[in-house]
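# A closer look at the structure
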Amino acid sequence: MMIKRKKIIGKLAGWGELILLSTFCFFFLFFLMNIVFPLKEKIPYSQQIVASDNTLMYAFLSDDDKWRMLVKSEDINAQLRKAIIYKEDRFFYYHPGVNPVAILRAAFNNIIYRKRTSGASTITMQVARLLYPKDRTYLNKFTEMFRSFQLEWRYSKEEILNLYFNLVPYGGNIEGVKAASLIYFGRKPDKMSLAQIVTLAIIPNRPGTLRPGANSDELIKARNKWLRRMQDDHLFPDALITDALNEPIEAKRTELPKMAPHFSLRMHKQFPDMPIVRTNINLHHQQQLTSIAEKYSKRLFGYGIYNASVMILNNRTHTVDAYLGSADF
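Here's what I pulled together on the structure shown here. Here the structure is a predicted model, which means the values were calculated and not measured.

### Some remarks on the overall build of the chain
If you tally the helices and strands in the chain, you get twelve helices and seven strands. Of the contacts made within the chain by residues no fewer than 6 positions apart, 64% connect residues no fewer than 24 positions apart. Of the roughly 19,800 Å² of accessible surface on the chain, 58% is carried by carbon and sulfur atoms.

Rendered as structure tokens:
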């Protein structure tokens, strides 16, 4: 009996040594690869020129011709955060970047059904793919997993989630929830209704077929399917989901604001690398000035004067309240 017990203890010790050695090799290899292939994620954002009340006045395409507007954590409301995590990665806060259970389930389904029936990409893995886009092959999947570990090593969960909110695709050259919410709904991300939030949550999986304004019936059908799932899982109050189910989708691609264009162009040239340029422009004064200058310049046509430019300075704060480069840009 004693000999048998010693054999069992010896086997357990052997397994323990093997696990310890494997763990050491994994971390050693990870740190080595991390040095050889460092994480580089310089993201070109669309520059936003905002008024004193943080209202968007003007925006410029990013260097890679995308509408990709920097959004910060405080601009993402709890409903949007909850809906995205529920749909994309329910165990986001519990895994190290890769969900082994989801990978095994996906591999099993893919082998049994001989086709891709289930994905296993976590939010972190999606961020890695968006930062380093590659063809979807098994080799690139391993690269994606390695990048996910790097992201988890460097950033907090909230920072990774915020990267997702900034990079997620919404069809065409629209990326990130802020650009999508402004272009499709004319609202900032923290001002959207639950119906609009769930609409934005489902578009990235099918940005070609679920683009707002292109196929509204299909978009409503997909949105309501996810709303009912959320209702079954008590993600949001029933009354809120009922309102969302009945809300029509009034969304289509629209132009972004183009206010104070001369001033915005000047700021763009002066601060080309700043994602968000916060100004002292008083939007109410700017709109009033534009309207007055347009009417006044028409009265001057008879005198051979065809243009006007005005700048309003605040004597108390010594800041520019309004800036008009011409009566008609």
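### Details of the pattern of salt bridges
In this structure the tally under the stated criterion is eleven salt bridges. Among the salt bridges present, the one from R129 reaches E144, with a minimum N-O distance of 3.0 Å. Of this pair, R129 sits in helix α4 (residues 123-131) while E144 sits in helix α5 (residues 138-154), and the two are 15 residues apart along the sequence. According to the relative accessible area criterion, E144 is buried, its value standing at 9%. Residue K157 pairs with E152 through a salt bridge whose shortest N-O separation is 2.8 Å. Considered together, K157 and E152 belong to a single accessibility category, that of buried residues. Linked by salt bridges that have partners in common, D64, K66, R68 and E175 make up one network.

### Here's the deal with the nonpolar core
Ranked by size, the top nonpolar core spans 61 residues in total, and within it F165 and Y170 carry the most contacts. Elements with a contribution of two residues or more to this core: β2 (56-60), α2 (78-88), α4, α6 (157-167), α7 (177-185), α8 (194-202), α9 (216-232) and α10 (238-246). Every residue in contact with F165, bar those within four places of it in the chain, is listed here: V71, I76, L80, R81, I84, G176 and V177. Within the second largest apolar cluster, twelve residues are counted, among which are I49, A51, A260 and F263.

### Notes on the packing of aromatic side chains
Inspection of every chain in the model, using the stated rule, returns five aromatic pairs. Their ring planes at 35° and their centres at 5.0 Å tell us that Y58 and F60 sit as a pair that is tilted. Directly above the ring of Y132 sits R147, whose terminal nitrogen or CZ lies 4.2 Å from the centroid. The ring centre of F92 lies 4.6 Å from the NZ or CZ of K157, which sits over that ring.

### Considering helix α12 (residues 283-299)
For an α-helix the count is 3.6 residues per turn, leaving residues at separations of three or four pointing the same way. Taking 1.5 Å as the rise per residue, α12 with 17 residues should run 24 Å; its terminal C-alpha atoms sit 25 Å apart, in good agreement. Buried within α12 are the following residues: L283, Q286, L289, A293 and S297. Within α12, the buried residues cover an arc of 110° as seen down the axis, which keeps them to one side. More than 90 degrees from the buried face of α12, the exposed residues found are I292, K295, K298 and R299. In this structure, the buried side of α12 is in contact with β2, β6 (310-314) and β7 (319-324). Where α12 begins, one side-chain oxygen reaches toward the backbone nitrogen of H284, 3.1 Å away; that side chain belongs to N282.

### Remarks on the side chain of S193
Looking at the secondary structure, you find S193 in the loop between α7 and α8. Among the residues examined, S193 registers a relative accessible area of 18% and is labelled buried. When near neighbours in sequence (up to four residues on either side) are disregarded, S193 contacts R187 and E247.

### Some remarks on unusual backbone geometry
Of note in the backbone geometry, H234 takes a positive phi value of approximately 55° without being a glycine. Summarising the element assignment, H234 is placed in the loop between α9 and α10. With phi around 60°, H318 is a residue other than glycine that occupies positive phi space. Residue position: H318 is located in the loop between β6 and β7. The exposed category is assigned to H318, whose relative accessible area is 69%.

### Examining the pairing of β2
With respect to burial, β2 is a largely interior element, five of its five residues being buried. Two elements, strand β1 (residues 47-50) and β2, share four bridges in a ladder whose sense is antiparallel. Among the inter-strand pairings, Q47 is bridged to a residue of β2, identified as F60. Where β1 hands over to β2, the hairpin turn is made up of five residues, of which N54 adopts a positive phi near 70°.

### Notes on the sheet that holds β2
Sheet strands pair by backbone hydrogen bonding; their relative direction is either parallel or antiparallel. Overall, mixed pairing links the three strands, which are arranged β2-β1-β5 in an open sheet. Sheet topology places β2 and β5 (276-278) at the edges, where each strand pairs with a single neighbour. The mean angle between the axes of side-by-side strands here comes to 20°, regardless of whether they run parallel or antiparallel. Pairing of β1 with β5, which is carried by three bridges, proceeds in the parallel orientation. Within β5, the residue paired with Q48 across the bridge is I276.

What counts as what
Residues numbered from 1 in each chain as written. Predicted model: local features only at pLDDT ≥ 70, side-chain atom pairs only at ≥ 80, totals over all residues. Heavy atoms only, no water. Helix = DSSP H or I, 4+ residues; strand = E, 2+ residues; numbered from the N terminus. Contact = heavy atoms within 4.5 Å. Areas by Shrake-Rupley, 256 points an atom, 1.4 Å probe, with all protein chains shown as cover. Salt bridge = Lys/Arg side-chain N within 4 Å of Asp/Glu carboxyl O. Buried < 20%, exposed > 50% of the residue type's maximum accessible area, 1.4 Å probe, protein only. Core = buried A, V, L, I, M, F, W, Y, C linked by side-chain atoms within 4.5 Å. Phe/Tyr/Trp six-rings, centres within 6.5 Å; stacked < 30°, edge-to-face > 60°. Lys NZ or Arg CZ within 6 Å of the ring centre and 35° of its normal. Expected span 1.5 Å × (residues − 1). Arc of directions from axis to C-beta. Polar contact = N/O pair within 3.5 Å; in protein donor to acceptor, adjacent residues only side chain to side chain. Pairing = 2+ DSSP bridges. Axes fitted to C-alpha atoms, helices over the stretch in contact; angles between N-to-C directions.

Such coordinate-based values are descriptive only and should not be taken to indicate function.
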